[in-house]
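# Overview (structure and organization)
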Amino acid sequence: MSSSRLQGLSQAAIPHVLATAQALEMGRPDEAATRIAPLLQSDPRHPEVLRLHAGLLDLRGRPGEAARIMQAAIAQRPDDPLYYNTLGAVLGSCGDYEGAIAALRRACELQPSLATAWFNLGVMLTRSVRHAEAIEALRRAVTLDPAHMDARALLADMLRMEDRVDEAIAAYRHVLERKPWTGMAWWGLAALKTMRLNEGDVGQMRRAMRDSRATDHDLVAIGFALAKALDDEGRYAESLAALEHANSVARRSRRWDAKAFDAQMDLILQAFTPPPHGAARELGRGMIFIVGLPRSGSTLVEQIFASHSQVAGSGELPDLPLVLASEAHRVGKPFPQWAADAQPADWQRLGQTYLQRTAHWRGSKPALTDKLPGNWMYIGAIRAMLPGAHVIVCRRDPVETCFSCYRQYLENNDYQRTFEDLAAFWHTFDRTATHWQMLHTENVYTHVYEDLIADPESSIRALLNRCGLPFEQACLDFHQTRRDVRSPSATQVRQPLRRDTAHANRYGALLDPLRKALDSPAFVD
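Note that the coordinates shown come from a computational prediction; the quantities given were computed from them, not determined experimentally.

The next thing to look at is helix α10 (residues 165-178). Since one α-helical turn is 3.6 residues long, residues separated by three or four positions face the same way. Over its 14 residues, α10 extends 20 Å from the first C-alpha to the last, a length consistent with the 20 Å expected when each residue adds 1.5 Å. Elements in contact with the buried residues of α10: α9 (149-161) and α11 (183-190).

Bringing the packing of aromatic side chains into the picture now. On inspection of all chains with the given rule, the structure shows 20 aromatic pairs. Judged by centre distance (5.4 Å) and plane angle (50°), the ring pair of Trp256 and Phe261 falls under tilted. Comparing Trp256 with Phe261, the two get one shared label, buried. Following the ring pairs from residue to residue traces out a cluster consisting of Trp256, Phe261, Trp376, Tyr415, Phe425 and Phe429. Arg461 extends its terminal NZ or CZ atom over the ring of Phe471, reaching a point 3.9 Å from the ring centre.

In space, the 5 strands of this open sheet follow the order β2-β3-β1-β4-β5, with parallel pairing throughout. Lying at the two open borders of the sheet, with one neighbouring strand each, are β2 (311-313) and β5 (444-448). Going from strand to strand, the sheet's axes swing by 25° on average, the running direction of each strand aside.

Where charged atoms from two side chains of opposite charge approach closely, those side chains can pair. Summed over all chains, the structure comprises 36 salt bridges. In this structure, Arg160 and Asp157 form a salt bridge, with 3.4 Å as the shortest nitrogen-oxygen distance. On the criterion of helical spacing, the pair formed by Arg160 and Asp157 is a turn pair, its members being 3 residues apart in helix α9. Take Arg160: its relative accessible area is 8%, and that puts it in the buried class. Classification of Asp157 by relative accessible area gives buried; the value is 8%.

Attention now goes to the pairing of strand β4 (residues 390-395). Within β4, 6 of the 6 residues are buried, leaving the element largely enclosed by the surrounding structure. Going residue by residue along β4, you find His390, Ile392 and Cys394 tucked away on one face and Val391, Val393 and Arg395 tucked away on the opposite face as well. Looking at chain direction, strand β1 (residues 287-292) and β4 are connected through 5 bridges and run parallel. Bridge pairing in β4 links Ile290 to Ile392. Alignment of β4 against β5, held across 5 bridges, turns out to be parallel. If you follow Val391 over to β5, its bridge partner there is Val444.

Nonpolar side chains in soluble globular proteins tend to end up buried together. With 100 residues, the main nonpolar core has Phe289, Trp347 and Trp376 as its most contacted residues. In terms of residue count, the dominant contributor to this core is helix α13 (residues 216-232) (10 residues). Here Trp347 is in contact with Phe272, Pro276, His277, Gly278, Ala279, Trp338, Ala339, Ala342, Ala384 and Met385, once residues within four sequence places are set aside. One finds Leu114, Phe119, Met158 and Met161 within the second-largest nonpolar core, a separate group that totals 41 residues.

Turning to the layout of surface pockets, a few remarks are in order. Of the pockets and cavities examined, the second largest pocket occupies roughly 320 Å³. For the second largest pocket, the lining is made up of 15 residues, of which Arg281, Arg383, Pro387, Gly388 and Asn443 are closest to its centre. For the lining of the second largest pocket, the leading source of residues is helix α19 (residues 379-385), giving 3 residues. Tallied by class, residues from the lining of the second largest pocket come to 5 nonpolar, 6 polar and 4 charged.

It is the contact of helix α14 (residues 236-250) with helix α20 (residues 398-407), at a shortest axis distance of 10 Å, that shows an interaxial angle of 65°. Judged by the angle between their axes, α14 and α20 are roughly perpendicular. Residues Leu240, Leu243, Glu244 and Asn247 of α14 form the contact with α20, whose own contacting residues are Phe403, Tyr406 and Arg407. Of the residues belonging to the contact of α14 with α20, the class tally is 4 nonpolar, 1 polar and 2 charged.

Let's shift gears to the environment of Val393. Among the secondary structure elements, Val393 is positioned in strand β4. In this structure, the C-alpha to C-alpha distance between Val393 and Gln264, residues 129 residues apart in sequence, is 20 Å. What Val393 contacts, discounting residues up to four positions off in sequence, is Val291, Ile379, Phe429, Ala433, Val444, Tyr445, Thr446 and His447.

Relative to the elements of secondary structure, His245 occurs in helix α14. Assessed through its relative accessible area of 38%, His245 is described here as partly exposed. Put simply, His245 and Ala227 are 18 residues apart on the chain and 9.9 Å apart in space, counted from C-alpha to C-alpha.

Reading the values: rules and limits
- Residues numbered from 1 in each chain as written.
- Predicted model: local features only at pLDDT ≥ 70, side-chain atom pairs only at ≥ 80, totals over all residues.
- Heavy atoms only, no water.
- Helix = DSSP H or I, 4+ residues; strand = E, 2+ residues; numbered from the N terminus.
- Expected span 1.5 Å × (residues − 1).
- Contact = heavy atoms within 4.5 Å.
- Phe/Tyr/Trp six-rings, centres within 6.5 Å; stacked < 30°, edge-to-face > 60°.
- Buried < 20%, exposed > 50% of the residue type's maximum accessible area, 1.4 Å probe, protein only.
- Lys NZ or Arg CZ within 6 Å of the ring centre and 35° of its normal.
- Pairing = 2+ DSSP bridges.
- Axes fitted to C-alpha atoms, helices over the stretch in contact; angles between N-to-C directions.
- Salt bridge = Lys/Arg side-chain N within 4 Å of Asp/Glu carboxyl O.
- Core = buried A, V, L, I, M, F, W, Y, C linked by side-chain atoms within 4.5 Å.
- 1 Å grid on protein atoms, 1.4 Å probe; cavity = no way out; pocket = protein on both sides within 12 Å on 5 of 7 lines; lining within 4 Å.
- Points joined across faces, edges and corners; volume = space filled by probe spheres on them.
- Nonpolar A, V, L, I, M, F, W, Y, C, P; charged D, E, K, R; others polar.
- Parallel < 35°, antiparallel > 145°, perpendicular 65-115°, else oblique.

Here you go:
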């Protein structure tokens, strides 16, 4: 830490600053909170204390507060690259990827040698589906700091998304040879459906989890990878124990509030029921939103659509939430409070803004998919902004869906950490999606994963028909379509349709607590 950042602090305060910074770097919020407590009493307005406090709040899932505190810190030190780096990280946690990218680019301008800023920039560009720019930033980070293994692991993820599997495996192994506790490299290997981690890997992961250099972030990722390896070997009780441990480590820093989430969804439903007078009827024609819980088959649905000659598949675009957040900032009211005051011209403007932001993905094709799963929360806003759009709600057996979420390393999905939270999230999704479909029967269509497995052609024909598209054989042969897929199902959708993807019954009665929370019957052998 630069000595200039410590100016104005007493000699007694400096050890607390250094200890807080180290705890945050290791991803340990409780320790950081203990270390920073005296500083919040003695030096609450010092810019470095503000920066560390923002980092702690971000780690604990309070990025909005963290962003406000970082703005106050930057007001005191407007030319400090590390401050813009922290601001970029917390804005990213807020979902403001554009603001995050701008802050991180500023950090890189102020200090071009700051590898961590280039890495964070690569992360935010990846989340914004700006693949080529992300690769450039990550390569810059690795050039500046060859030992930055998280950057190397993310570059390997890019290779995996491009279906360059052998190169990805080599890149992950390269990382682990040098830093065997790098969690993202272990998870990257585990996420490859075409290979299995072996018993030697299991031993290495167990040793890595005991390494004092592993951060909580590493421990979570390794835990999920270990669970996957144990599952592959049929060691289901051990796998479930590894998952419980990984999710408990993740909950040290961030917890999900089911009641608050349910109340927020009630506000959204009320704001868009009855539907407001929205944009012109045809606006959004050709847009296909694919929504649902993670692990419900949404990537497969997009691959089917993207195999059609008239459809461009874009992946998980952040643009819809960003357009809504931008409007909230403009009017000074959070979503959905401002919806009651919005006029048809406002919805028209917002719809056109969205279409302008996503136009480059469509190219010359008449239709475009947007597969951000969480957009199910905003179906009311989609219907107001883009009345001509279609929404496909993906559903899968709730036990399978929730258990698959529980087993998957998904960042910022805090509801997946316990069976109770997962069930609460699913119940809120279920009643919300049902409401939207009843309210918008013509444009909101439910697609059931199990129906696709049972009768692929009929299910695919129904999907295409609802969106006004003729059937094409390529949609049935979707696994032959070559394109970048940026989701955990990237490898799976490049294979023919499988009928053995149901997983929960392998765990038998071990999953009865999840079944009970979902109001599903107990396991019967």
